Amino acid sequence: MEQIAFWSLATGLLTAATAVILLRNPVSSAVCLVLGLVFQAALFVTLEANFLAAVQVIVYAGAVMVLFLFVIMLLDVKAEARSPLPWAKGAGVAVGGMVAVLGIPRLAASFPASHKTLAWGEGKSLGSAQELGSLLFTSYAPLFLATGVLLLVATVGVVVLCRRDS
Amino acid sequence: MILGEITLGHYLALSGFLFVIGLAGVLLRRSLLIVMMSLELLLNAANLALVAVGRFQGLPDTQVAVFFVITVAAAEVALGLAILVAIFRVKKTTAVDSMANLRF
Amino acid sequence: MSLWLCPEVLLVLAGVGLILVDCLAPQTGKKWLGPLAVLLSAGLLLWTALSAGRPMPESWSNLLVTDGLSALFKPFFVLCLVTVTMMSARYRLGPDETVRGELLALPFFPTAGLCLLASARDFLAVFVALELVSISLYLLTAFHRAKPASLEAGIKLLVMGGLSTGFLVLGIAWLYAAAGTTEFSRLLLEQAGKPATPALLAAAGLILTGLAFKVAAVPFHAWAPDVYEGAPTPVTAFLAVASKAAGFVLLLRVFGFGAFALESIGQVFRPVLLTLGIATVTLGTLAALPQRDLKRLLAYSGIAHAGFMLLALGTLLEGGLGTVVAYLWVYLLSTLPILVFLNELERIHGNTDMRHLDGLARRDPGTALGATLCLLSMAGLPPLAGFSVKLAVMSTLWSAGEVPALVIALVMAVAALGFYLSPVKSMYWEREADSIPAKRFPVYLVWVLMVAGAFNLVLGLHPQPLVRLAERSLSPHPVSFSLPQK
């Protein structure tokens, strides 16, 4: 069961991600991104991070993607013209792709615990909102405050950049 | 071996591939919207690795890290799209992508 | 120390307060906002300098630490803030005048982030503080929303910053996988004596990549010139001095004596850092030579300076680490006044092309003299402070036995004279343009430049304070100019 879930979700995620960077029309890219993010949320569920899976769907698939689609519609962005890939870039992609395909599994296998397996239901339960919340508000409280300031800056920034002066 | 039990290595490899796809998007695409979507892919790849490591190693801290990364990514997207809208207003052109001095 | 007295908290409160005042004050009161912001930041500078040595609140100590380095660099960052608010109050916004209040208030937030960064002892804290700084800087760079160059600089910085964030976060994830912790001191304790695993090295490499973007080290430097040129000049000052210094404070803490200061990791990363340093100093110097715009010139000069600091850092000797600290202070003392000067130049002429300097020495001898002293200090001519720190870099390289790096650094230090002397030449030897604008430089500029020039001269003749500063910054307990601890 774990295997089926992992392999189908992983294939879905990588396919959607590849589609994001290959498609010419930004709307299709955005829709593929939503799809990929939902696959990732499902992967979070297989990792028993249920709260984060919910956050992933609400924040990314909900807020961020709506923002993307809204801006695409607002700016009326057309599909990009297909331009031939320059020779040097094509070679770079080929070499980089080869290195990645060969190197990443090896590197991933070299981590100390990378051969550890854990069936569903085993291991410590970490993903509950309660546990996350208690860490966030005790050990990581200063960082939580700092992210609050960060969101304030982003809000002020969006207003400054997009406000129309009367 | 590969089709056996799912290990931490599988998740790390998956996140590595996702990261490379995002990196390729940032470096190769001209459209700023798609570059920003690729940045999201990069951060999501890192998130996947964080959650997987937390689960297999029993570290709850990684989920806090993911929480922060999601917040930061949302703020970054909001700001980036606001700048795009502002560029659109100044240049009065829909061709956001054709900015001459924006090659990396 | 109580939470409410921490410089970080006070900086955020001051920023929020300024935004509120800007919103609520009547239109006639708006002109007092600039002086208010400068006063607030100056007060905060005084408080930070006095209190930076006090320990952080007890409940924060798992993430933040007070040591020599943080006690020395918090005042550094707040000093940058004072200068930046001063410049913001004078910056010409043109049609964007309605948002001057935000330009004055917003730099307080990244400064709070920088102060957190100076104290961070956990990679998660590093990440959050760095993002607070970066996101504020994307916004501030794009701030001049009527100017396409500023907006494009903002989006460029955002994409490059986002990329570096991706590297940093993946590095943190791998660090969790490889070592199980991201706290610097626990990493040191648990990994000491063990051979470095490939996984740990890969994590350190990703984190180094993320930080190299921030200090604009080659090959991650390409964003700097366009962004420096496009950003409003006060923001350029923040990027050039505070943001770059933050990158080096982190590199010092991470590779110098914190998280990765292990024999096993140092063996691998010493040549990497030195190679980065050689590439950065060479490319920065050579690319600066043909520049005619002074902001672009400063961008490349900043890249070259980063190269010198990377060389000193790359030796991983204690002397080299101290040299980086001294170098950063001299960099502040010579670069920041030049940026204040460029801000005024831009106010008068509308841009920062070098031809506006022609014959300045005859019109404004005091300004020209101060600017010349700062430029020559950057160039590293004796007897100015820039010379002492460059000499320290060379002697560190010599004692580390890195002769090829030493030779390249020497050649580049000489070649750099070419581009630092050309603005000096146009100030003193070029004929004045036929049409001189009627506007003159304000009086305060002469004072800023002369005082900074005098500092450069005195510290060049008597470098002992710099040496003491460097020694103190590396001690685990803050001993510099701070109040006695309770």
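The rules behind these values
- Just so you know, the residues in each chain are numbered from 1, in the order the chain's sequence is written.
- Labels follow written order: the first chain is A, the first ligand is 1, and so on.
- Given that the model is predicted, a residue must reach a pLDDT of at least 70 before its local features are reported, and side-chain atom pairs must reach 80 or more before they are shown or counted; all residues, however, enter totals for whole chains, interfaces and linings.
- Heavy atoms from the whole structure form the basis of all side-chain values; hydrogens and water molecules are not counted.
- Under the DSSP-based scheme used, a helix requires at least four consecutive residues in state H or I and a strand at least two consecutive residues in state E, with every element numbered from the N terminus.
- As defined in this context, the radius of gyration uses C-alpha atoms, and a globule is described by 2.2 Å times the residue total to the power 0.38.
- Relative accessibility thresholds used throughout: buried, under 20% of the residue-type maximum; exposed, over 50%; partly exposed, between the two (1.4 Å probe, protein chains only).
- For this analysis, residues touch if any pair of their heavy atoms sits within 4.5 Å.
- Remark: nonpolar core denotes a set of buried residues (Ala, Val, Leu, Ile, Met, Phe, Trp, Tyr, Cys) joined through side-chain atoms within 4.5 Å.
- The term buried area denotes the loss of accessible surface (1.4 Å probe radius) that occurs when two parts are joined, taken as the sum for both partners.
- Each reported salt bridge corresponds to a side-chain nitrogen of Lys or Arg within 4 Å of a carboxyl oxygen of Asp or Glu.
- N or O atoms closer than or at 3.5 Å make up a polar contact, with two conditions inside protein: a donor-capable atom paired with an acceptor-capable one, and, for residues adjacent in sequence, both atoms drawn from side chains.
- What pLDDT reports is the predictor's confidence in each residue, on a scale of 0 through 100.

Draft legend 1. Just the overall build of chain C, in detail. The secondary structure content of chain C amounts to 20 helices and zero strands. For 486 residues, the compact-globule estimate of 2.2 N^0.38 gives 23 Å, and the C-alpha radius of gyration of chain C, at 22 Å, lies within 12% of that figure. The proportion of buried residues among the 486 residues of chain C is 65%. Taking the contacts inside chain C whose residues are at least 6 apart along the sequence as the reference set, 80% of them involve residues at least 24 apart.

Draft legend 2. Just the nonpolar core, in detail. Residue and element names in this part refer to chain C. Ranked by size, the top nonpolar core spans 284 residues in total, and within it Phe73, Phe76, Phe77, Phe123 and Phe260 carry the most contacts. If one sorts the elements of this core by residue count, helix 7 (residues 148-179) sits on top with 20 residues. Residues within four places of Phe77 in sequence aside, it is in contact with Thr111, Leu114, Cys115, Ala118, Ala242, Ala245, Ala246 and Val249.

Draft legend 3. Layout of the interface of chain B and chain C. Listed per partner, the contact involves 40 residues of chain B and 32 residues of chain C. With both chains or domains summed, chain B and chain C bury close to 3,100 Å², and 84% of this area falls on carbon and sulfur atoms. Our count for the contact surface shared by chain B and chain C stands at zero salt bridges. For the side of chain B that touches chain C, the secondary-structure elements that each account for two or more residues are helix 1 (8-28), helix 2 (32-57) and helix 3 (61-91) of chain B. Broken down by element, the residue count for the side of chain B that touches chain C peaks at 16 residues, all from helix 3 of chain B.

Draft legend 4. Expanded view of the interface of chain A and chain B. In this complex, chain A contributes 79 residues to the contact, which on the side of chain B involves 71 residues. Between chain A and chain B, the buried area comes to about 6,800 Å², and carbon and sulfur atoms account for 76% of it. Linking chain A with chain B are one salt bridge. Glu48 of chain A is paired through a salt bridge with Arg55 of chain B; the nearest N and O atoms lie 3.2 Å apart. The interface formed by chain A and chain B includes nine residue pairs in polar contact (both at pLDDT 80 or more). When residues of the side of chain A that touches chain B are traced back to their parent elements, those giving at least two are helix 1 (2-22), helix 2 (26-46), helix 3 (50-75), helix 4 (87-109), helix 5 (129-137) and helix 6 (141-162) of chain A.

Draft legend 5. Summary view of the confidence of the model for chain A. Here chain A shows a mean pLDDT of 87. Residues at 70 or above account for 99%. Within chain A, no element has a lower average pLDDT than helix 4 of chain A, which sits at 85, and none a higher one than helix 6 of chain A, at 93.

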